[in-house]
Every structure is written in C-alpha cells, then in structure tokens.
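Results of the structural survey
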Amino acid sequence: MNNFNQKSQPEKIIFVLYYVVATIEVITESFSYKPLIFVFKPMIPLTLMALYWITSKKRDPFFFVTVTLALITDVFFIPNTERLLFFGLLFFFINRILIIYYIVKLMKIKDYVPMFIAMIPFLFIFFYLLSISGELTVRTYYIVIIQNILISILAGIILSHYIMFYNKKATWLFIFGLLCVTQYFIVFLEKYYLAGVSPAVFRPVAMILNTGVYFSFYKFIVAKKKLHNNRFSA
C-alpha cells in the first residue's frame, strides 16, 4: 500500500486503469463476447506501455517492441481460426526470440550449461503433449515444435538464474517465467490437445495469466533498470 501511495498521480491512474481493463477483459472472455474482446484485449499491453513510459526516465525500445509483438499475437488469437492462429504463432515466435535475447542481454548470462539442464523437463512435457495432441496441419506442427523449444529455453534460463542467483529482482523474472509456462500450457491444451472440447474456463484463466505475464515482465524490466542506474550513479 505504501508503494502505491508513493506513486505519482498519473502513474496511479494508469496503474488502476490497467487492472480495470484487465478485469473487464477477463469477464468478456468468460462470456466469449468478441466485440469487447477486440477492444479490451489490445488495451492491456497499450496501458502497460503507457505505464512504462511514465515510470521510466530512460525508455528501452526493446520493451516496446516485445510488448507490441505480444499485442499483435493476442489479436491474431482472438478469432480462433486456423489461418489467423498460424499468423499469431509466427508473431509469437518472433516475440519469444526477442524476449530470450532481451533477458540474456539484461542478465548478462555467460554460462549456458545450467540453462540446458533446467530446460530438459520442459522439453519433455511439451513434446509429450504434442505427441498425443489432435491433428495439426504440417506448417502449424513445425511452428509448435519451435514454440516448444523456445518456451523451454526461456523457462530454462529463468529457472537456472533464479536458483543460482536469487535476489529480489530475480523474483519478478521467476514470476514472469512461471506465468509464461503456465499460460503456454493452458493455451496448448485449449488450442491443440483439447481442440473443440476445451472447457470454457480455459479462456478467462489464460487471460488472467496473460495479464500477469505482461505485468511481471514490466516489473522485472523496471527493477532491472533501476538496479543498473543505481550502480551507474554510484
């Protein structure tokens, strides 16, 4: 509560707006009301970018690029058609590569052995799910393979770094990684393994996780930049 009181007035307004928009989006997902979903789903990353713009003195263009790509991915996933899902996966592929590069750059990771060890369980889980999932088109199948590898790499980087270098800043990175993996798992089940019969609860749950992914990524970037600035000024 004290942290909230210390925020500037514009920051407080956008912070509250973010959660209001996210709440409305979760509700619209529960009722699958597409017109409002098309309005409020893109507003989540847009509001977060506005929050980052206000709270950051030095704005990293990489943050805006990655969040914008995530926004485009979200929009392509709304209609839930095979063609748009394919394009959504392509943007998701680009987004994941940039996020992995961004995190490696920020964390200055040099030893990749722990990452490879940590990513093995995730590879096993997602490729097992792929092997027992329903029919996929050839192009979608290969994209999903790449997605499985990328999310496993991301999870491996974050888990290994959290275990080896635990600190407050790493906590937000760990939360981001945990939410990313959980969200991907839910979406994977909905889109491929349980296609056509997935429970209605998957959509709002995936949206709640999506909101958390955006926010934890923002908090990690801000925390990391503040730590870097403090070291530089010292």
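Everything that follows concerns the structure shown earlier in this document.
Read on for an overview of the structure.

**Here's the deal with the environment of Ile14**
Following the sequence through the fold, Ile14 ends up in helix H2 (residues 9–31). Overall, Ile14 belongs to the buried group, its relative accessible area being 13%. When sequence neighbours within four positions are dropped, the list of residues in contact with Ile14 reads Thr47, Ala50, Leu51 and Ile54.

**Examining the packing of helix H6 (residues 113–131) against helix H7 (residues 138–164)**
At their nearest, the axes of H6 and H7 sit 7 Å apart, and the two run at 145° to each other. Considering only the axes of H6 and H7, their crossing is right-handed. Residues that form the contact of H6 with H7 fall into these classes: 19 nonpolar, four polar and no charged.

**Here we look at the packing of aromatic side chains**
Under the defined criterion, the tally for this structure stands at 23 aromatic pairs. Note on Phe76 and Phe91: the rings are 5.5 Å apart at their centroids and 25° apart in plane angle, and the pair reads as stacked. Residue Phe76 is found in helix H4 (residues 61–77), and its partner Phe91 is found in helix H5 (residues 82–107); the two are separated by 15 residues along the sequence. The exposure class assigned to Phe76 is partly exposed, which follows from its relative accessible area of 23%. A ring pair is formed by Tyr162 and Phe174, whose centres lie 4.2 Å apart and whose planes are at 20°; its orientation type is stacked. In this pair, Tyr162 is assigned in helix H7 and Phe174 in helix H8 (residues 168–193), connecting sequence segments 12 residues apart. Look at Phe174 and you get partly exposed, because its relative accessible area is 26%. Three or more aromatic residues joined by ring pairs form one cluster here, namely Tyr52, Trp53, Phe62, Phe63, Phe64, Tyr101, Tyr102, Phe176 and Phe217. We note Arg59 situated over the ring of Trp53; from NZ or CZ to the ring centre the distance is 3.9 Å.

**A closer look at the nonpolar core**
Phe63, Ile103, Leu154 and Phe176 are the most contacted members of the largest nonpolar core, which has 67 residues in total. Residue assignment for this core shows that the elements contributing at least two residues are H2, helix H3 (34–55), H4, H5, H6, H7, H8 and helix H9 (202–233). Here this core gets 12 residues from one element, more than from any other, and that element is H9. What Phe63 contacts, discounting residues up to four positions off in sequence, is Leu48, Met49, Tyr52, Tyr102, Phe217, Tyr218 and Ile221.

**Concerning a nonpolar patch on the surface**
Taken together, the side chains of Ile27, Phe31, Tyr33 and Leu36 define a hydrophobic patch exposed on the protein surface, amounting to about 440 Å² of accessible area. Note that Leu36 resides in helix H3. A residue is classified by how much of its surface remains accessible, and Leu36, at 33% relative accessible area, is partly exposed.

**Re H4**
For H4, with 17 residues, the first-to-last C-alpha span of 25 Å sits near the 24 Å given by 1.5 Å per residue. Every buried residue of H4 is accounted for by Phe63, Phe64, Thr66, Val67, Leu69, Ala70, Leu71, Thr73, Asp74 and Phe77. Sitting at the amino-terminal end of H4 is Asp60, which places a side-chain oxygen 3.0 Å from the backbone nitrogen of Phe62.

**A look at empty space enclosed by the protein**
If you walk through the whole model with that rule in mind, you get one cavity of 30 Å³ or more. In this model, the largest cavity occupies a volume close to 470 Å³. Along its surface, the largest cavity is lined by 30 residues, and Thr73, Asp74, Phe92, Gln183 and Asn210 are the ones closest to its centre. Secondary structure elements with two or more residues in the lining of the largest cavity: H4, H5, H7, H8 and H9. In terms of residues, the lining of the largest cavity owes the most to one element, H8, which gives eight residues. Along the lines of polarity and charge, the residues of the lining of the largest cavity split into 19 nonpolar, six polar and five charged.

**Remarks on the environment of Asn210**
By secondary structure assignment, the location of Asn210 is in helix H9. A residue is classified by how much of its surface remains accessible, and Asn210, at 6% relative accessible area, is buried. In the structure, Asn210 is positioned 184 residues away from Val26 in sequence and 9.9 Å away in space, judged by C-alpha atoms. Contact partners of Asn210, with chain neighbours within four places excluded, come to Asp74 and Gln183.

Parameters and conventions
- Residues numbered from 1 in each chain as written.
- Predicted model: local features only at pLDDT ≥ 70, side-chain atom pairs only at ≥ 80, totals over all residues.
- Heavy atoms only, no water.
- Helix = DSSP H or I, 4+ residues; strand = E, 2+ residues; numbered from the N terminus.
- Buried < 20%, exposed > 50% of the residue type's maximum accessible area, 1.4 Å probe, protein only.
- Contact = heavy atoms within 4.5 Å.
- Axes fitted to C-alpha atoms, helices over the stretch in contact; angles between N-to-C directions.
- Left-handed = near helix turned anticlockwise from the far one by under 90°.
- Nonpolar A, V, L, I, M, F, W, Y, C, P; charged D, E, K, R; others polar.
- Phe/Tyr/Trp six-rings, centres within 6.5 Å; stacked < 30°, edge-to-face > 60°.
- Lys NZ or Arg CZ within 6 Å of the ring centre and 35° of its normal.
- Core = buried A, V, L, I, M, F, W, Y, C linked by side-chain atoms within 4.5 Å.
- Patch = residues over 30% accessible without salt bridge, like charges linked within 9 Å, V, L, I, M, F, W, Y side chains within 5 Å.
- Areas by Shrake-Rupley, 256 points an atom, 1.4 Å probe, with all protein chains shown as cover.
- Salt bridge = Lys/Arg side-chain N within 4 Å of Asp/Glu carboxyl O.
- Expected span 1.5 Å × (residues − 1).
- Polar contact = N/O pair within 3.5 Å; in protein donor to acceptor, adjacent residues only side chain to side chain.
- 1 Å grid on protein atoms, 1.4 Å probe; cavity = no way out; pocket = protein on both sides within 12 Å on 5 of 7 lines; lining within 4 Å.
- Points joined across faces, edges and corners; volume = space filled by probe spheres on them.

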